[in-house]
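Residue-level structural notes
If you want the building blocks of each chain, they are given just below.
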Amino acid sequence: MQLSYWELKNWFTNIDYAIVGSGIVGLHAALRLREKFPESKILVLEKGMLPQGASTKNAGFACFGSISEIIDDLKSHSEEEVVNLVQKRWQGLQLLRKRLGDEAIDFRPHGGYELFLKSDDSCYAECLNKLPFINEILKPLFKADVFAKQVDRFDFKGIQDYLIFNPFEAQIDTGNMMQALLKEAVAQNILILNQQTVSSYSDTKNGVEVVLGEFSFVAKKLLFATNGFANALTNGGVKPARAQVVITEPIANLDIKGTFHLDRGYYYFRNIGDRILLGGGRNLDFDAETTTEFGQTEIVQNKLEQLLKEVILPNHEYQIAHRWSGIMGIGNSKKPIVSQLSDNVYCGVRLGGMGVAIGSLIGQELADIVV
Ligand SMILES: Cc1cc2nc3c(=O)[nH]c(=O)nc-3n(C[C@H](O)[C@H](O)[C@H](O)COP(=O)(O)OP(=O)(O)OC[C@H]3O[C@@H](n4cnc5c(N)ncnc54)[C@H](O)[C@@H]3O)c2cc1C
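The rules behind the values
Residues numbered from 1 in each chain as written. Predicted model: local features only at pLDDT ≥ 70, side-chain atom pairs only at ≥ 80, totals over all residues. Heavy atoms only, no water. Buried < 20%, exposed > 50% of the residue type's maximum accessible area, 1.4 Å probe, protein only. Helix = DSSP H or I, 4+ residues; strand = E, 2+ residues; numbered from the N terminus. Contact = heavy atoms within 4.5 Å. Polar contact = N/O pair within 3.5 Å; in protein donor to acceptor, adjacent residues only side chain to side chain. Axes fitted to C-alpha atoms, helices over the stretch in contact; angles between N-to-C directions. Parallel < 35°, antiparallel > 145°, perpendicular 65-115°, else oblique. Expected span 1.5 Å × (residues − 1). Arc of directions from axis to C-beta.

1. A look at helix 3 (residues 67-76)
Regarding helix 3, the residues found buried are I67, S68, E69, I70, I71 and D73. Lining the buried residues of helix 3 we find helix 4 (79-100), strand 4 (112-115), helix 6 (121-142), strand 6 (162-166) and strand 13 (259-262).

Following this line, the structure appears as structure tokens:
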């Protein structure tokens with residue numbers, strides 16, 4: 001399509017910052033740049049009709065790691081790294097709440113729980129055993145015990161006697177959060193263009209030529225916030241990880257409130273009003289789920305349905321209302337990548353399964369490395 005003089009002038013000329021991706025990270029980076037450079041021209045390019053990766057697809061856990069995840073992370077990261085990560089997630093959540101307000105994101109501090117299947121004796125024993133130690137290393141941050149044993153009062157089936165409760169965990173409405181973020185970006189005079197895929201770029205030292213298929217324009221700086229789609233950009237440092245989700249119709253007399261983790265974080269569920277959202281199962285077929293294609297597979301969907309029927313809702317009548325998937329960005333470290341790729345090109349990617357918490361902070365860090 002041929003663009004008019006006006007279109008070229010207003011949308012594509014004198015761009016100071018072009019940001020690729022309108023997820024949590026891209027929008028927070030844009031807002032931070034606006035704070036620092038009130039007069040700048042900021043353009044966000046998004047390949048989807050809506051943000052189309054993880055930020056509008058997620059489960060809305062405002063969490064910073066279940067006890068088994070923290071124990072697992074300690075096996076591949078130093079204690080300092082793990083505590084730093086938890087701290088960043090916690091700070092990120094505070095930043096998100098401050099920026100958008102608890103009402104706008106429907107923040108509900110119901111707490112979070114980890115449950116353990118009867119068959120998972122070893123993980124259960126390890127978590128109970130290490131609980132005092134994990135509380136100890138997190139105490140400087142929370143000034144209180146984070147994890148505590150609690151008897152199951154939700155009537156789950158096939159699980160160990162105790163759940164592990166975390167009063168600091170909460171849930172948000174993901175759709176409300178992303179809409180509030182998009183509205184804030186527009187209010188801050190940030191231009192957002194949807195259905196624009198950045199196909200390549202060329203850093204010319206004085207600026208960056210940003211290519212959108214047939215068309216290109218120049219920006220002074222280019223920031224990638226493309227998370228699960230950043231494999232090539234990071235030379236394999238980020239791998240896509242699809243996550244499948246189901247949600248039920250409203251369930252009569254549902255007495256489950258909170259966010260719940262199962263099987264070392266591979267499954268997660270929560271109430272949304274009187275519905276249950278359940279996601280996970282990537283571990284059933286890592287190869288198939290290492291993809292940027294949205295979709296469902298029989299093996300994962302069957303497992304989600306089995307968990308709903310046998311563990312989570314054994315005493316309820318319910319129907320599955322809807323199914324979807326999203327694409328996360330993971331790698332061999334839980335630490336996100338925030339780095340400069342060339343003179344004028346930067347990225348903030350690899351948010352893993354906790355971008356709701358850490359995304360605001362990573363967006364901010366990404367903006368802050370751009371000079
Ligand atoms: C099913 C699911 C459940 C989750 N649950 C939780 C949870 O409960 N709590 C939590 O903290 N985290 C959760 N996460 C993870 C969290 O959603 C992500 O970590 C976070 O949204 C990542 O944000 P982002 O902005 O980095 O990436 P994204 O939201 O994926 O944004 C990247 C954007 O870049 C766009 N893009 C990519 N390539 C291009 C291109 N070439 N040109 C233009 N645009 C491009 C994509 O369309 C996308 O919109 C979940 C993720 C999924 C998928």
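Anyway, onward from the coordinates.
2. Details of the environment of D121
Following the sequence through the fold, D121 ends up in helix 6. D121 sits in the partly exposed class, given a relative accessible area of 49%. At a separation of 2.9 Å, a polar atom in the side chain of D121 contacts the side chain of Q160.

3. So, the packing of helix 3 against helix 6
Between helix 3 and helix 6, whose axes approach to 9 Å, the crossing angle comes to 80°. When the axis of helix 3 is compared with that of helix 6, the two are roughly perpendicular. Across from I67, S68, I70, I71, L74 and K75 in helix 3, the residues of helix 6 making contact are C123, E126, C127, K130, L131, F133, I134, I137 and L138.

4. Brief notes about helix 7 (residues 174-187)
The end-to-end C-alpha distance of helix 7 is 20 Å, a good match for the 20 Å that 14 residues give at a rise of 1.5 Å each. Along helix 7, the residues classified as buried are T174, M177, M178, A180, L181 and A185. Along the long axis of helix 7, the arc covered by the buried residues comes to 160°, so they all point the same way. Those residues of helix 7 that are exposed and angled more than 90 degrees off the buried face are K183, V186 and A187. In the core, the buried residues of helix 7 are packed alongside helix 2 (24-36), helix 4, helix 5 (102-105) and strand 8 (191-194). N-cap assignment for helix 7: the residue whose side-chain oxygen lies 3.0 Å from the backbone N of G175 is D173. Immediately beyond the C-terminal end of helix 7, within one or two residues, lies N189, with a positive phi of roughly 60°.

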